[in-house]
Amino acid sequence: MSAVEIRPVHGAEYEALGEIVVNAYLHDGFLTGPDDPYAEFLRDVGSRVVGAEILVAADSERVMGGVTLVPPGSPLAQLAGPSEAEVRALAVAPAGRGRGLGAALASACVERARELDAKRVVLCSQTTMAAAHRVYRRLGFERAPQLDWEPVPDVLLWGFALDL
Ligand SMILES: CC(C)(COP(=O)(O)OP(=O)(O)OC[C@H]1O[C@@H](n2cnc3c(N)ncnc32)[C@H](O)[C@@H]1OP(=O)(O)O)[C@@H](O)C(=O)NCCC(=O)NCCS
C-alpha cells in the first residue's frame, strides 16, 4: 500500500466518502440503520462541502476515512460559537483503523482551525464512541458538559472542546 495522506476531498470522491462514513457509523452501532435520519447528513458530502472543509485520509488507490471541519460562522455548526470551529463526521473504514488515521484527520482539523484563527475547537460525540474519545483526548480535547445535548430524545451527545 502506498503512503497515506490527509488532504481535501476530491469531487469524484464524494459518493465513496459518504458511504465510508455511513458504514463506519453503522459498523459500530452508532446509527439505527442505513435510513437513520443522521445518515442522510453523513452521506451527503456534496452538500456538506459547501459550508465546510472536508478532509480525507487516502492512499493512491482509495479513500479510507474523512472528517468535516466546520469553520467559524458556518451554518453547519451545531455547537460552535462565532469564533469557534467544529469537528463533525470523523470516520475511518473498519479495515483502516488502528493505524493513526483517525488521529491524523482530527489533528489536521485542529491545525486548520488555528489557521482560520478560531479560538476554540468544539465537537459532540455519542457517549459510547470510545475510540473517538481516545483520539480527541490525546489531542488535548477535554469534556465540556455545558455543550452536551440530545438531538433526539434519549440520545445524549457529549461535548468536547480544545482551546487554541
Ligand atoms: C473513531 C475512529 C475514526 C478512529 O479511527 P482510527 O483510524 O482507528 O483512529 P486511530 O488509529 O488514530 O486511534 C484509535 C484509538 O482508539 C483506540 N480504540 C479503538 N477501539 C477502542 C475502544 N473500543 N475503546 C477504547 N479505545 C479504542 C485505539 O486503541 C487507538 O488509541 P491508542 O492509539 O491510544 O491506542 C474510528 O474508530 C471510527 O470511524 N469510528 C466510528 C465513527 C465514530 O465513532 N466517529 C466519531 C464521531 S464524533
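Since we're looking at a predicted model, the values are computed, not measured.

What counts and what doesn't
Residues numbered from 1 in each chain as written. Predicted model: local features only at pLDDT ≥ 70, side-chain atom pairs only at ≥ 80, totals over all residues. Heavy atoms only, no water. Helix = DSSP H or I, 4+ residues; strand = E, 2+ residues; numbered from the N terminus. Buried < 20%, exposed > 50% of the residue type's maximum accessible area, 1.4 Å probe, protein only. Near = heavy atom within 4 Å. Polar contact = N/O pair within 3.5 Å; in protein donor to acceptor, adjacent residues only side chain to side chain. Areas by Shrake-Rupley, 256 points an atom, 1.4 Å probe, with all protein chains shown as cover. Pairing = 2+ DSSP bridges. Contact = heavy atoms within 4.5 Å. Axes fitted to C-alpha atoms, helices over the stretch in contact; angles between N-to-C directions.

Draft legend 1. Inspection of unusual backbone geometry at higher detail. The phi dihedral of A89 is positive, around 55 degrees, even though this residue is not glycine. One can find A89 in strand β4 (residues 84–92). Residue A89 is classed as buried on the basis of its relative accessible area, which comes to 5%. Within the chain, D117 stands out as a residue other than glycine whose phi angle is a positive 70 degrees. Note on placement: D117 falls in the loop between α4 (101–115) and β5 (120–126).

Draft legend 2. The arrangement of the site of the ligand in detail. Not every one of the 24 residues close to the ligand is listed here, only the nearest: L90, V92, G98, G100 and R134. In the environment of the ligand, a nitrogen atom lies 2.8 Å from a nitrogen or oxygen atom belonging to the backbone of L90. Interatomic distance of 2.6 Å between a side-chain N/O atom of R134 and an oxygen atom of the ligand. Here the ligand has 960 Å² of accessible area as a free molecule, and 74% of this is covered by the chains.

Draft legend 3. The sheet that holds strand β3 (residues 63–70), seen in detail. Taken in spatial order, the seven strands of this open sheet run β1-β2-β3-β4-β5-β7-β6, and their pairing is mixed. Sheet topology places β1 (5–8) and β6 (142–143) at the edges, where each strand pairs with a single neighbour. α4 contacts β1, β2 (53–58), β3, β4, β5 and β7 (157–163) of the sheet and is inclined by roughly 160 degrees relative to β4.

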